[in-house]
Amino acid sequence: MEREKSNPSATGGCLCGKVRYEIVGELMPVINCHCSKCRRFHGHVGAYTATRRELLVLTEESGLKWYRSIQDETPDVYRGFCKECGSSLFWDPRGKERISVAAGSIDPPTGLNTERHVWLSQKTDYYTITDDLPCHEERLARADRGKA
Ligand SMILES: [Zn+2]
Ligand SMILES: [Zn+2]
């Protein structure tokens, strides 16, 4: 598809630089996922934006590795990370319209806001949610959302 090469709406990547990406187009508000899989993958809560998968362009992928996350409730999910530095980057439900991108991997300023919390039913006990954002026991009901 046609892209404006000079003006990505976001750039980001891993700690060491062996995974870099550009996103040309709209990003969804950030969702904090408290599920047990995101907790282990990120070492804490998973904070994700999402975009239509064709808008995500990998500009450096020599470090990118995909883990098939058979533990996820959603079928056919792959989690992308950097095999060199260990950064957690992507939540990819294959075959769905959107891919989720770890918000912390985006170069600031992101211009994004956090919208809600999901999977409170799997939240662990060492922290407390102190904001007033909507909380959901499980996934977000909007089935078309990349990270639900
Ligand atoms: Zn890296
Ligand atoms: Zn999760």
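Residues numbered from 1 in each chain as written. Chains lettered and ligands numbered in written order. Predicted model: local features only at pLDDT ≥ 70, side-chain atom pairs only at ≥ 80, totals over all residues. Heavy atoms only, no water.

*Asks:* What's the story with the coordination of the zinc ion (ligand 2) in this structure? I'm lost.
*Replies:* Working reference: metal with six octahedral donors, ideal angles 90 or 180 degrees; metal with four tetrahedral donors, ideal angle 109.5 degrees. Looking at the metal site, the zinc ion (ligand 2) is ligated by Cys-33 (SG), Cys-35 (SG) and Cys-38 (SG), spaced 2.1 to 2.2 Å from it. Sequence positions of the donors to the zinc ion (ligand 2) reduce to the motif C-x1-C-x2-C. For the pair formed by Cys-33 and Cys-38, the shared burial category is buried. (Donors = N, O, S within 2.8 Å, 3.2 Å for Na, K, Ca; no water. Buried < 20%, exposed > 50% of the residue type's maximum accessible area, 1.4 Å probe, protein only.)

*Asks:* Whenever I open this one, the pairing of strand β9 (residues 98-102) confuses me. Can you help?
*Replies:* Taken residue by residue, a regular strand's side chains alternate between the two faces of the sheet. In terms of burial, β9 is largely enclosed, as five of its five residues are buried. Residues Arg-98, Ser-100 and Ala-102 of β9 are buried on one face, and the alternating residues Ile-99 and Val-101, pointing to the opposite face, are buried as well. Bridge count for strand β4 (residues 46-52) against β9 is five bridges, and the pairing is antiparallel. Paired with Thr-49 across the strands is Val-101, a residue of β9. (Helix = DSSP H or I, 4+ residues; strand = E, 2+ residues; numbered from the N terminus. Pairing = 2+ DSSP bridges.)

*Asks:* Would you explain the coordination of the zinc ion (ligand 1) in this entry?
*Replies:* Looking at the zinc ion (ligand 1), one finds its protein donor set to be Cys-14 (SG), Cys-16 (SG), Cys-82 (SG) and Cys-85 (SG), positioned 2.3 Å from the metal centre. Here the zinc ion (ligand 1) is ringed by four donor atoms whose angles at the metal span 107 to 114 degrees, and the overall shape comes out tetrahedral. Summarised as a motif, the one-chain spacing of the donors to the zinc ion (ligand 1) is C-x1-C-x65-C-x2-C. Of this pair, Cys-16 sits in the loop between β1 (10-13) and β2 (20-23) while Cys-85 sits in the loop between β7 (77-82) and β8 (88-93), and the two are 69 residues apart along the sequence. Assessed through its relative accessible area of 37%, Cys-16 is described here as partly exposed. On the basis of relative accessibility, which here comes to 27%, the residue Cys-85 falls in the partly exposed class. (Tetrahedral: all angles 85-135°; square planar, octahedral: opposite > 155°, others 65-115°.)

*Asks:* I tried to follow the side chain of Ser-69 on my own but got confused; where do I start?
*Replies:* Position of Ser-69 relative to the elements: it lies in the loop between β6 (64-68) and β7. A relative accessible area of 4% places Ser-69 in the buried class. Among the polar contacts listed, one links the side chain of Ser-69 to the side chain of Asp-72, at a separation of 2.4 Å. Of the polar contacts made by the side chain of Ser-69, one reaches the side chain of Arg-79; its length is 3.2 Å. (Polar contact = N/O pair within 3.5 Å; in protein donor to acceptor, adjacent residues only side chain to side chain.)

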